[in-house]
Amino acid sequence: MFLSRFLGRTALLAAAKSESSAAAASAVTLNPLEQFFEADRNPNDEKPVYGRSWKAPELRLKSWDDLHKLWYVLLKEKNMLMTQRQMLHAQNLRFPNPERIPKVRKSMCRIKQVLTERAIEDPDPRRSAEMKRMINAL
């Protein structure tokens, strides 16, 4: 079962790589599915050190656009980590860095907190209500 899953993933990634390389002969493009998997590392290398979660005071200094971009970077990271965790769980393997998921979740919650604070402070009630609806949809 492990072998079939591993070969299935390998075949899927190899097929996607060959399609993307055939489509763009001169330009190097990455397979979109590779975004959901962390780059393979040599097991002999040191364990990488990952950063901390974002603090609310740091996020308050950022613009709306920067927070929006950061939200989607964190969402992509969360999806990658959850995909990796699920794949390893299905193969009865240990997830190497479980502490990363709470850091990403905390950062995402803090972004929502900062955006909600900004929506409450907005003097225009219509705009404030619209911002709250948009924040709650995240």
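All of the points below concern the structure found in this document. (Residues numbered from 1 in each chain as written. Predicted model: local features only at pLDDT ≥ 70, side-chain atom pairs only at ≥ 80, totals over all residues. Heavy atoms only, no water.)

1. Brief notes about the overall build of the chain
Working step 1: In terms of helices and strands, the chain carries five helices and zero strands.
Working step 2: Written out in order from the N terminus, the α and β elements of the chain read α-α-α-α-α.
Working step 3: Counting every position in the chain, which comprises 138 residues, the buried fraction comes to 23%.
Working step 4: Contacts in the chain between residues at least 24 apart in sequence constitute 61% of all its contacts with a sequence separation of at least 6. (Helix = DSSP H or I, 4+ residues; strand = E, 2+ residues; numbered from the N terminus. Buried < 20%, exposed > 50% of the residue type's maximum accessible area, 1.4 Å probe, protein only. Contact = heavy atoms within 4.5 Å.)

2. A closer look at the packing of helix α3 (residues 64-90) against helix α4 (residues 100-121)
Working step 1: Where α3 contacts α4, the two axes come as close as 10 Å, and the packing angle between them is 155°. Relative to α4, the element α3 lies roughly antiparallel. In this structure, α3 crosses over α4, and the sense of that crossing is left-handed. On α4, the residues touching W64, L67, L70, W71, L74, L75, E77, K78, M80, L81, M82 and R85 of α3 are R100, I101, V104, R105, S107, M108, I111, K112, V114, L115 and R118.
Working step 2: Among the residues forming the contact of α3 with α4, the class breakdown is 15 nonpolar, one polar and seven charged. (Axes fitted to C-alpha atoms, helices over the stretch in contact; angles between N-to-C directions. Parallel < 35°, antiparallel > 145°, perpendicular 65-115°, else oblique. Left-handed = near helix turned anticlockwise from the far one by under 90°. Nonpolar A, V, L, I, M, F, W, Y, C, P; charged D, E, K, R; others polar.)

3. Overview of the pattern of salt bridges
Working step 1: Within this structure, the stated rule accounts for four salt bridges.
Working step 2: Of the charged contacts in the structure, one is a salt bridge between E117 and R60, with a shortest N-O distance of 2.9 Å. A residue pair is termed long-range when its members are at least 10 positions apart, and E117 in helix α4 and R60 in helix α2 (residues 56-60) qualify at 57 residues.
Working step 3: As a salt-bridge pair, R127 and D122 come within 3.6 Å of each other at their nearest N and O atoms.
Working step 4: Residue class for D122 comes out buried when judged on its relative accessible area of 16%. (Salt bridge = Lys/Arg side-chain N within 4 Å of Asp/Glu carboxyl O.)

4. Focus on the side chain of D122
Working step 1: Relative to the helices and strands, D122 is located in the loop between α4 and α5 (125-137).
Working step 2: When near neighbours in sequence (up to four residues on either side) are disregarded, D122 contacts R127, S128 and M131.

5. Brief notes about the packing of aromatic side chains
By convention here, two paired aromatic rings are described through the distance between centres and the angle between planes.
Working step 1: If you walk through the whole model with that rule in mind, you get zero aromatic pairs.
Working step 2: Positioned above the aromatic ring of Y50 is the side chain of R100, whose terminal nitrogen or guanidinium carbon lies 3.9 Å from the ring centre. (Phe/Tyr/Trp six-rings, centres within 6.5 Å; stacked < 30°, edge-to-face > 60°. Lys NZ or Arg CZ within 6 Å of the ring centre and 35° of its normal.)

6. Overview of α3
Working step 1: The terminal C-alpha atoms of α3, which comprises 27 residues, lie 39 Å apart, in line with the 39 Å expected from a rise of 1.5 Å per residue.
Working step 2: Of all the positions in α3, only L67, L70, W71, L74, M80, L81, Q84 and L88 are classed as buried.
Working step 3: Check the buried side of α3 and you find it contacts α2 and α4.
Working step 4: A positive phi of about 55° marks N92, the residue just after α3. (Expected span 1.5 Å × (residues − 1).)

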